[in-house]
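Observations on chain architecture
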Protein chains: 2
Amino acid sequence: VSAARHERVGLVSIGDELVSGRIVDRNSGEIAARLLELGFEVSEVRVLPDDEEKLARAFVDLCAEHGVVVATGGLGPTLDDVTRHAAARAAGVGLTRSEEALVAIRAAFAGRSFAMGVSNERQALLPDGARMLPNPVGTAPGFSVEIGGALVFALPGPPVEMRRMLEDHVLTELTASIASAVATRTTHLFGLSESVFADGVQEWMRRDVNPLVGVTAHAGVLTVTVRARGVGLADASDLADARLFEIEAAFREHVFSRPHGDLARVLGELLVERGISVATAESCTGGLLAARLTAVPGISAVFREGFVTYADEAKARTLGVPAELLARHGAVSAEVAAALSRGAAERTGARLALSVTGIAGPGGGSPAKPVGLVHFGVLVDGRVETVERRFPDRGRSFVRGLAVNTALFLGLRALS
Amino acid sequence: VSAARHERVGLVSIGDELVSGRIVDRNSGEIAARLLELGFEVSEVRVLPDDEEKLARAFVDLCAEHGVVVATGGLGPTLDDVTRHAAARAAGVGLTRSEEALVAIRAAFAGRSFAMGVSNERQALLPDGARMLPNPVGTAPGFSVEIGGALVFALPGPPVEMRRMLEDHVLTELTASIASAVATRTTHLFGLSESVFADGVQEWMRRDVNPLVGVTAHAGVLTVTVRARGVGLADASDLADARLFEIEAAFREHVFSRPHGDLARVLGELLVERGISVATAESCTGGLLAARLTAVPGISAVFREGFVTYADEAKARTLGVPAELLARHGAVSAEVAAALSRGAAERTGARLALSVTGIAGPGGGSPAKPVGLVHFGVLVDGRVETVERRFPDRGRSFVRGLAVNTALFLGLRALS
């Protein structure tokens, strides 16, 4: 499956903070993964400091071997930022202030509380012959320019801006030029481990098979990718769809979404669609469950209220959990989880109420109730079920993240 | 602050999975950070596939410009693993099976549940003239070899093995050869933009000055780094401290922490230390403020309760915000922000109550109250102050993240 030169891509990540190790370069990995889905293969990544001469040399080198080079970073307003200068030098052209870019930068600053500094005008400099790439989510425009027969894209370093401009400009342009077709399908599973999944589909995950199945895990969510190469897009799509179907059939009760792995969005959109009101009651997750649900645009139509009853007295005062129940079973118990979801539903009138109470650590564990023990309450139209989970103790934020996703998945399952 | 050639280090991270984006290269950052502490500057990182020819060329290139090159990965037993071959080719020498390495590999397999395969004997191949570096935590030995006057260290890719061998071999050897010393200082600021900061200290951020000042921004938090080079560690430290002092004096009201940039941790630890109880009342941030504060270990001693009063009726019912006030000023107003913090303090008895109400988007904005408008309420011992901010509309999660950090910063300032 070796790619032709024009399908080979080189990446450059630019910034002193990346080379020195203060910040991990995540942009390259993300760009490489997105490109791979389209059938483009990244064959080299260089991480370089904000050093004009070094950058110019890297551009020349990479452009000799690749059809496309994508650079991120070094487009800021300070004297440190020299990506524009390096690209101009490598292309053997001058650097001119672009009126089009200046207008875009001024527009980005209009209506902000931060004023545009003189240094921001520097961001309007572009190599002669370059095309400006508008940045709808930041102040630094990017650009594309030809160097030694290769097409170079320069994008800003902040991931939010990079991501948007990668989609808008780089991927759109490259997609138009693809030769052999690659089809990619994705699905998302919850409630089983990466290795249990991998054991089940071992033969489909060997590097040399087509389609190729890959899996990654984050906070309990498995992202399964099927990538098929075919003679045309229809052929590749058929291959990918067939394999995806087999996988989803084998793990039916774990599949929750195809397009994305955000359990909050899947549950939130379902609630909005069906007009089901929701409330949350949290102890160890401390508001994270409410925060995840309220991150979903449009959720205000159904999200009634969230309660972060962290202290025991808050559980009693606000959600009416009997003090006697807390004393007898402890705050981390199925009984209290049930009482929390009941209290949240009764106070707000919500049809769905999710509760979480557990021991996230680092302290607070005991042999009977170790760090990682979490109880969940799921109330639908007045009926409560409770679920107990024992997560591995890989730190407070790991346990909290997994607990939130579990609560969301339980809510989703209760409604289907 | 240019380092002498013998103090400049190049890094090579080797592996198909790193280039394709399936795994993020964390080794380079870790190695760079450790080297920097010793005064060695990493000036380039290359991430490359398991491709002998490409690797050999990278070794030659990097050895021409650096005194030391550290490579990780590609030392496994399979045919994919070609780092040894590439190093031999770049050094212009042959590859011979080392009896010393074979003995070490056999010893590593003794007492393991996996048997040593024939393929593992491949791991005993070393470039002629290379020195074997024992690996006490894995089966693959590393090696060091001279290429073009530079010293090349080849270490295994798995982080646990890399880390141990970096300490045992690379750092020990390099420490013995240090000439000048480097001291690094960091501080964190909130409430001003990266470019306003850069405009204010422009002269100190030029790449050729000593000490050198750098800045990065995330969710409104600026991380400022001062790096000084001196004839000895005491001298370097004095230079770095003096510049840090000047910066902190110039931006006094924005400085909130030296060791780390987590505003929730700074505020949370202050609250625990002083025994000040806290409650939160959130609308647009939907629990994120409570989630950030409850992520701080030990916070349960002071965190009373969090209210996610998303719907207007929840604001009225749970926190006693008068319906008349909501109708007259709207939920996003200074009046309602004040009432939310008062309600949270009254219900819980907390001494500090922070409230957030705003328009995070994507919908819900108007000319008078655009997306990005957020009102904050800060109550300390019964006295409320309100603050209004207009953040740029870079998406819901950007506005929410900035709003949470602003609330934390306002809480911190109110207590100092």
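Residues numbered from 1 in each chain as written. Chains lettered and ligands numbered in written order. Predicted model: local features only at pLDDT ≥ 70, side-chain atom pairs only at ≥ 80, totals over all residues. Heavy atoms only, no water.

A few points about the overall build of chain A
Defined as follows: Segments assigned H or I by DSSP are reported as helices when at least four residues long, segments assigned E as strands when at least two residues long, and all are numbered from the N terminus. Using a 1.4 Å probe on the protein chains alone, a residue whose accessible area is under 20% of its type maximum counts as buried, one over 50% counts as exposed, and one in between counts as partly exposed. Method for areas: the Shrake-Rupley scheme with a 1.4 Å probe, in which residue coverage is limited to the protein chains shown. Here the positive residues are Lys and Arg and the negative ones are Asp and Glu; neither His nor the chain ends is included. By convention, charge coordinates are those of NZ in Lys, CZ in Arg, CG in Asp, or CD in Glu.
In terms of regular secondary structure, chain A is built from 14 helices and 17 strands. The principal-axis extent of the C-alpha atoms belonging to chain A is close to 80 × 55 × 40 Å. In chain A, buried positions account for 56% of the 416 residues. For chain A, the accessible area works out to roughly 16,400 Å², and carbon and sulfur atoms hold 53% of it. Each charge class in chain A was averaged separately, 43 positive and 49 negative side chains, and the resulting centres sit 5 Å apart.

Focus on the interface of chain B and chain A
Here is the rule: Residues are treated as being in contact if the distance between any of their heavy atoms lies within 4.5 Å. What gets called buried area is simply the loss in accessible area from a 1.4 Å probe that two parts show on being joined, summed for both. Salt-bridge detection follows one rule: a side-chain nitrogen of Lys or Arg within 4 Å of a carboxyl oxygen of Asp or Glu. Polar contact is the term for a pair of N or O atoms within 3.5 Å; when the atoms are in protein, one must be able to donate a hydrogen and the other to accept it, and sequence-neighboring residues count only if both atoms are side-chain atoms. Throughout this entry, Asp, Glu, Lys and Arg are counted as charged residues, while Ala, Val, Leu, Ile, Met, Phe, Trp, Tyr, Cys and Pro are counted as nonpolar. The remaining residues, Gly among them, count as polar. Following DSSP output, two strands are said to pair if at least two bridges run between them.
With 69 residues of chain B at the contact, the number on the chain A side is 73 residues. Here chain B packs against chain A, burying approximately 5,700 Å² in sum over the two surfaces, 50% of which is carbon and sulfur. For A:Glu44, the salt bridge is made with B:Lys54, and the minimal N-O distance between the two is 3.4 Å. Linking chain B to chain A there are 32 residue pairs in polar contact (both at pLDDT 80 or more). No other element matches the seven residues that strand S2 (residues 41–48) of chain B contributes to the side of chain B that touches chain A. In the side of chain B that touches chain A, the residues fall into 28 nonpolar, 19 polar and 22 charged. Two strands pair when backbone bridges link them, and strand S2 (residues 41–48) of chain A and S2(B) are joined in this way by three bridges, in the antiparallel orientation. Opposite A:Val47, over in S2(B), you have B:Val45 as the bridge partner.

Some words on the nonpolar core
How we decide: By convention a nonpolar core is built from buried Ala, Val, Leu, Ile, Met, Phe, Trp, Tyr and Cys residues, the set being connected through side-chain atoms within 4.5 Å.
Of all hydrophobic cores here, the largest spans 80 residues; its most connected members are A:Leu267, A:Leu352, A:Phe376, B:Leu267, B:Leu352 and B:Phe376. Look past the residues within four positions of A:Leu267 in its chain and what remains in contact with it is A:Leu293, A:Leu352, A:Leu354, A:Leu408, A:Gly411, A:Leu412 and A:Leu415. A:Leu11, A:Phe40, A:Leu166 and B:Leu18 belong to the second-largest nonpolar core, a separate cluster that totals 45 residues.

Description of the packing of helix H2 (residues 27–37) of chain B against helix H6 (residues 159–175) of chain B
Residues and elements named next belong to chain B. Quick reminder of the rule: Here the axes come from fitting lines to C-alpha atoms, over the contacting stretch only for helices, and the angles between their N-to-C directions go from 0 to 180 degrees. Orientation categories follow fixed angle ranges, with anything under 35 degrees roughly parallel, anything over 145 roughly antiparallel, 65 to 115 roughly perpendicular, and all other angles oblique. A crossing counts as left-handed when the near helix is turned anticlockwise from the far one by less than a right angle, and as right-handed when that turn is clockwise.
Viewed as axis vectors pointing N to C, H2 and H6 meet at an angle of 30 degrees, and their least axial separation amounts to 11 Å. As the angle between them shows, H2 and H6 are arranged roughly parallel. Read as a crossing pair, H2 and H6 show a hand that is right-handed. Contacts between H2 and H6 involve Asn27, Glu30, Ile31, Arg34 and Leu35 on the former and, on the latter, Pro159, Met162, Arg163, Leu166, Glu167, Leu171 and Leu174. Here the contact of H2 with H6 is composed, by residue class, of seven nonpolar, one polar and four charged.

Quick look at the confidence of the model for chain A
Where the model shows low pLDDT, its predicted coordinates should not be examined in detail. Where we set the bar: As a per-residue quantity, pLDDT reports the predictor's confidence and falls between 0 and 100.
This prediction gives chain A a mean pLDDT of 91; 96% of its residues lie at or above 70. Across the assembled chains, the prediction reports ipTM 0.70 with pTM 0.72.

Concerning the environment of B:Val209
Within the fold, B:Val209 resides in the loop between helix H7 (194–200) and strand S10 (212–218). By relative accessible area, B:Val209 is classed as buried at 17%.

Topic: the environment of A:Val266
All names here are of chain A. You can see Val266 is positioned in helix H9 (residues 263–274). Counting along the chain gives 180 residues from Val266 to Ala86, while the straight-line C-alpha distance between them is 44 Å. Residue contacts for Val266: discarding those within four places in its chain leaves Phe256, Ser257, His260 and Leu412.

What to know about unusual backbone geometry
Residue and element names in this part refer to chain A. Following Asn210, the chain continues into Pro211 via a peptide bond in cis, with omega recorded as 0 degrees. With an omega of 5 degrees, the peptide bond between Gly361 and Pro362 qualifies as cis. Note on placement: Pro362 falls in the loop between strand S15 (352–358) and strand S16 (373–380). With a phi angle near 50 degrees, Ala219 is a residue other than glycine that sits in the positive phi range. Among the structural elements, Ala219 can be located in the loop between strand S10 (212–218) and strand S11 (221–230). We note that Asp381 has phi near 45 degrees; this positive angle belongs to a residue other than glycine. Position of Asp381 among the secondary structure elements: in the loop between S16 and strand S17 (383–390).

Details of the layout of surface pockets
Residue and element names in this part refer to chain B. The test is simple: Cavities and pockets are defined on a 1 Å grid built over the protein atoms alone: a cavity is a set of grid points where a 1.4 Å probe fits but cannot escape, while a pocket is an open set with protein on both sides within 12 Å along at least five of seven lines, and lining residues are those with an atom within 4 Å of any such point. Grid points are joined across faces, edges and corners, and a volume is the space filled by probe spheres set on the points.
The computed volume of the second largest pocket comes to approximately 650 Å³. Lining the second largest pocket are 33 residues, with Ile14, Glu17, Gly73, Gly157 and Pro158 positioned closest to its centre. Elements supplying a minimum of two residues to the lining of the second largest pocket: helix H1 (16–19), H2 and H6. Residues that form the lining of the second largest pocket fall into these classes: 10 nonpolar, 11 polar and 12 charged.

Re empty space enclosed by the protein
In total, this model carries two cavities of 30 Å³ or more according to the counting rule given. Quantified by volume, the largest cavity comes out at close to 170 Å³. If you list the elements that add at least two residues to the lining of the largest cavity, you get helix H2 (27–37) and S2 of chain A together with H2 and S2 of chain B. Residues that form the lining of the largest cavity fall into these classes: 10 nonpolar, four polar and two charged. Of the pockets and cavities examined, the second largest cavity occupies roughly 40 Å³. Lining the second largest cavity, in full, are A:Thr78, A:Leu79, B:Ala198, B:Gln202 and B:Met205. Residues belonging to the lining of the second largest cavity are distributed by class as follows: three nonpolar, two polar and no charged.

Quick notes on the sheet that holds strand S13 (residues 278–282) of chain A
One open sheet holds the 10 strands; their spatial order is S17(A)-S16(A)-S15(A)-S13(A)-S14(A)-S14(B)-S13(B)-S15(B)-S16(B)-S17(B), and the pairing between them is mixed. In the strand order of this sheet, the two ends are held by S17 of chain A together with strand S17 (383–390) of chain B, each with one partner. Going across the sheet, the axis of each strand differs from the next one's by a mean of 10 degrees, ignoring polarity. Across eight bridges, the pairing between strand S16 (residues 373–380) of chain B and S17(B) is antiparallel. Counted as the bridge partner of B:Leu379 is B:Val384 from S17(B). In this fold helix H11 (residues 312–319) of chain A packs onto S13, strand S14 (303–308) and S15 of chain A together with strand S14 (303–308) of chain B, with an angle of close to 40 degrees to the strand it touches most, S14(B). Sheet contacts for helix H13 (residues 334–348) of chain A: S13, S14, S15, S16 and S17 of chain A; angle to S16(A), the most-contacted strand, approximately 35 degrees.

Considerations on H2(A)
Listing the buried residues of H2(A) in full gives A:Asn27, A:Ser28, A:Gly29, A:Ile31, A:Ala32 and A:Leu35. Buried positions along H2(A) lie against strand S1 (8–14), S2, strand S3 (68–72) and helix H6 (159–175) of chain A together with H1 of chain B. One or two steps after H2(A), the chain reaches A:Gly39, where phi turns positive at roughly 95 degrees.

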